[in-house]
Amino acid sequence: MSFQATMEAWPRERVEALYAGITPADVEGALSREERSIHDLAALLSPVARPYLEAMAREAQRLTRWHFGRTISLYAPIYISNLCAADCLYCSFASHSGSRDKRTTLGPDEIREECRALAALGYQHVLLLTGEAPRIVPVDYIAGAVAIAREYFSSVSVEVYAMDTAGYAELHRRGLEGVTLYMETYDRDMYRRVHLGGEKMDYGFRLDAIERAGEAGVRRLGLGVLLGLYQWRIEALWLALHARHLQKVCWQSALSVSFPRLRHTPARFRVEHPVSDPEMVQLMLALRLFLPESGFNLSTRESAAFRDRLIPLGITAMSAGSSTRPGGYAIHREECCEGMAETAVLEQFEVEDTRSPGEVVSAIRRAGYDPVWKDFDAAFAPMQLG
Amino acid sequence: MDDPLIIAGRTFRSRLMIGTGKFPSAQSLREAIAASGAEIVTVALRRVDLTRPEDEGILSAIDPKKQLLLPNTSGARNAEEAVRLARLARAAGLEPWVKLELTPEPRYLLPDPIETVKAAEILIKDGFVVLPYIQADPVLAKRLEEIGTATVMPLGAPIGSNRGIRTRDMIRIIIEQAKVPVVVDAGLGAPSHAAEAMEMGADAVLVNTALSDASDHGGMARAFALAVEAGRLAWRSGLGPQRDAAEASSPLTGFLFASGESPA
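Residues numbered from 1 in each chain as written. Chains lettered and ligands numbered in written order. Predicted model: local features only at pLDDT ≥ 70, side-chain atom pairs only at ≥ 80, totals over all residues. Heavy atoms only, no water.

**Things to note about helix α2 (residues 12-20) of chain A**
Residue and element names in this part refer to chain A.
- Within α2, the full set of buried residues consists of V15, L18 and Y19. Each buried residue of α2 sits inside an arc of 95 degrees when the element is viewed along its axis, so together they form one side. Seen from the open side of α2, the exposed residues pointing more than 90 degrees away from its buried face are E13, A17 and A20. (Buried < 20%, exposed > 50% of the residue type's maximum accessible area, 1.4 Å probe, protein only. Helix = DSSP H or I, 4+ residues; strand = E, 2+ residues; numbered from the N terminus. Arc of directions from axis to C-beta.)

Next up, the structure:
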């Protein structure tokens, strides 16, 4: 059962009409209920809800604490390749981004080096990332990387190109816990406008990918839209519908949501729909009230100060000390040096929160939360050889 | 009053068990354990690394001389995963006790009866003392008891829901029929809920979220301990069943006996 049918039933006009009818009474009703409908979510996301932000924050905090306690899980991204065959206007990895920085795919020994460096810091949960290059960075390579990472970490997830079910099954077989795959934008027109090359141009294939991962047995499914591409209120509603769909179809998989906000984009792309801090907070709070048991991830794309403020508002997992270039932990650490620009390995985005894992752990504790390094066990996803 | 709780031949004075997830720090957990007087403390194996010593994690808050560390399989989706996890814990040196939690769906964390029975069979044969977390299903409780589980642990409401005992009628039947201790687990959000379970005749309760979410962890743990004690004492003291209808004022069977004659 594809989510495409739901998307067809919820065109932009229907979502806009839903927002247009929202009144303060709808917001108050949505706040007071325990089980919230799509209509309630629209109320909480709408501009009408702005005066209710504090009440939403209190409810979001209560729900998050009930479901997750006062804990924040820690994870680290490992970029294993920055080769990319797609041409996404907003991304530094894009094949036509104009960057002359180095492209590379880590070999097994290099992946091990990166893993070793992160494991030494205490990490147990990692996210492996690549660009969109299924032909030159094939499924087998990623499956091998998962198996290597599993020698060091109890939980390994990937954020890579959309695959078919067999591809996800192969990763699952090698010990994968989760798949994160941002739709980037659910809006078909915008999707077409910003994705100019490669297999990624296929909107439908990407839309159904996360469901295929669930079918293949992947336990954690990560959703997200790239905030800034399109109108966030409309995107959020589509994302919520997607989440509800997945909860029914992939009932054994846990969902998590990320909130990647476009900041520094290549020169050829201007963020048309920027999301302000208050809007980002409203988005997170409203989604928390709608999806109380879903994990919410916050990456180092956001500033240290902002991230710290968000800890008690519904975030459940944070990355820390991240590098967004392949080899960034053990192999190419010298990127900070002057005059290296010509030879530096290309990074996907500039990290805003540059604190070390230790500093982030201290910030989490200061907020009254327990930093959790391990929340998954290898026994749940045994590696199968070969 | 000597009223110990006996599970698999082992004696416990406290009838309050506590879960260790969700606390803001090991220190807050330590306070809760101390104030609760709990002697059975359950730990999710997925949260701990038994191969590494801890200075500030969950395990550091448990005193093995005072509390039985009861590992649980929370996060397992099927029997195979739960069994694997339990065996790893035993191999790492923990006692062969396990709280079986098999929750294939991640939203409400409701237990899977089929996989729970499968895992219980395997683990009992393997020499484990098995305490299964189950739906409040009286037939399932009997089936598990027959397999040889050390307790049954029916839920009052979904984990972390704070809703109290929503499965009252079924828990009543489970208690009435059980030959093993009945531990009401999950959903107990206030001391009054715990007292109610004990007044119904439960042998023990297990609490986590209500303690970890309190602003004073020790205070809330103590409140639960008192409630458990009060509920137990009330049950032992012959708390009458609550009646739905008033007693008929004139006897319905008086006609059977001659006036002045007693039915006895």
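**Side note on the pairing of strand β4 (residues 40-44) of chain B**
All names here are of chain B.
- Counting buried residues along β4, five of its five residues qualify, which places the element largely inside the surrounding structure.
- Along β4, one buried face is formed by I40, T42 and A44 and the opposite face, lined by V41 and V43, is buried too.
- As defined by bridge partners, strand β3 (residues 16-19) adjoins β4 across three bridges and the pair is classed as parallel. Bridging across to β4, G19 finds its partner in T42. (Pairing = 2+ DSSP bridges.)

**Quick notes on the side chain of A:E211**
Residue and element names in this part refer to chain A.
- For E211, the location among the structural elements is in helix α11 (residues 209-215).
- As a buried residue without a salt bridge, E211 has its nearest oppositely charged side chain in R212, at a separation of 8.1 Å.
- A polar contact of 2.8 Å, which involves the side chain of E211, links it to the side chain of H245. (Lys, Arg positive; Asp, Glu negative; His and termini not counted. Salt bridge = Lys/Arg side-chain N within 4 Å of Asp/Glu carboxyl O. Polar contact = N/O pair within 3.5 Å; in protein donor to acceptor, adjacent residues only side chain to side chain.)

**Quick look at the pairing of strand β5 (residues 220-223) of chain A**
Residues and elements named next belong to chain A.
- Where strand β4 (residues 178-180) and β5 come together, three bridges link them in parallel fashion. Within the sheet, the bridge partner assigned to T180 lies in β5 and is G222.
- Alignment of β5 against strand β6 (residues 254-258), held across four bridges, turns out to be parallel. Counterpart to G222 in the pairing with β6 is S256.
- Between the parallel elements β5 and β6, the chain passes through helix α12 (residues 232-249) in a crossover that is right-handed. (Right-handed = clockwise from strand over helix to strand, strands pointing away.)

**Observations regarding helix α15 (residues 357-366) of chain A**
All names here are of chain A.
- Regarding α15, the residues found buried are P357, V360, V361, A363 and I364. Here the buried residues of α15 occupy an arc of 160 degrees about the axis, which is enough to place them on one side.
- Looking at the buried side of α15, the elements it contacts are β1 (71-79), α14 (304-310), β8 (317-319) and β9 (370-372).
- G368 lies just past α15 and shows a positive phi near 85 degrees. (Contact = heavy atoms within 4.5 Å.)

**Overview of a nonpolar patch on the surface**
- Together, B:F255, B:L256 and B:F257 line one region of the surface with nonpolar side chains, adding up to about 330 Å² of accessible area.
- Turning to its location among the elements, B:L256 is positioned in the segment after α8 (217-236). (Patch = residues over 30% accessible without salt bridge, like charges linked within 9 Å, V, L, I, M, F, W, Y side chains within 5 Å. Areas by Shrake-Rupley, 256 points an atom, 1.4 Å probe, with all protein chains shown as cover.)

**Topic: the confidence of the model for chain A**
- Predicted confidence across chain A gives a mean pLDDT of 92, with 96% of residues reaching 70 or more.
- Throughout residues 336-342 of chain A the model reports pLDDT below 50, and contacts reaching past four residues in sequence, or to other chains, amount to four contacts. (pLDDT = per-residue confidence, 0-100.)

**Looking at the side chain of A:S155**
Residue and element names in this part refer to chain A.
- Secondary-structure assignment places S155 in strand β3 (residues 155-159).
- Judged by relative accessible area, which is 2%, S155 ranks as buried.
- Not counting residues up to four positions away in its chain, the partners in contact with S155 are Q124, H125, V126, E177 and F376.

**Considerations on the interface of chain B and chain A**
- Taken together, the contacts link 35 residues of chain B with 31 residues of chain A.
- A buried area of about 2,800 Å², summed over both sides, lies between chain B and chain A, and 46% of it is on carbon and sulfur atoms.
- The largest contributions to the chain B side of the interface with chain A come from B:R46, B:R77 and B:R107, which together make up 24% of the buried area.
- On the surface where chain B and chain A come into contact, there are five salt bridges.
- The shortest N-O distance in the salt bridge between B:E81 and A:R219 comes to 2.8 Å. (Buried area = accessible area lost by both parts, 1.4 Å probe.)

**Structural notes on the environment of A:E211**
- Take A:E211: its relative accessible area is 4%, and that puts it in the buried class.
- With 39 residues separating them in the primary sequence, A:E211 and A:C250 have C-alpha atoms 7.0 Å apart.

**So, the packing of aromatic side chains**
- Scanning the model with the defined rule gives nine aromatic pairs over all chains in all.
- Ring geometry for A:F259 and A:F296: centres 5.1 Å apart, planes at 70 degrees, overall edge-to-face. You can see A:F259 sitting in the loop between β6 and α13 (277-290) and its partner A:F296 sitting in strand β7 (residues 295-298), a full 37 residues away along the chain. An identical accessibility class is assigned to A:F259 and A:F296; each is buried.
- Ring centres of A:F376 and A:F380 lie 5.4 Å apart, and the angle between their planes is 65 degrees; on these two criteria the pair is classed as edge-to-face.
- A:F380 sits in the buried class, given a relative accessible area of 3%.
- We note B:R10 situated over the ring of B:W97; from NZ or CZ to the ring centre the distance is 5.6 Å. (Phe/Tyr/Trp six-rings, centres within 6.5 Å; stacked < 30°, edge-to-face > 60°. Lys NZ or Arg CZ within 6 Å of the ring centre and 35° of its normal.)

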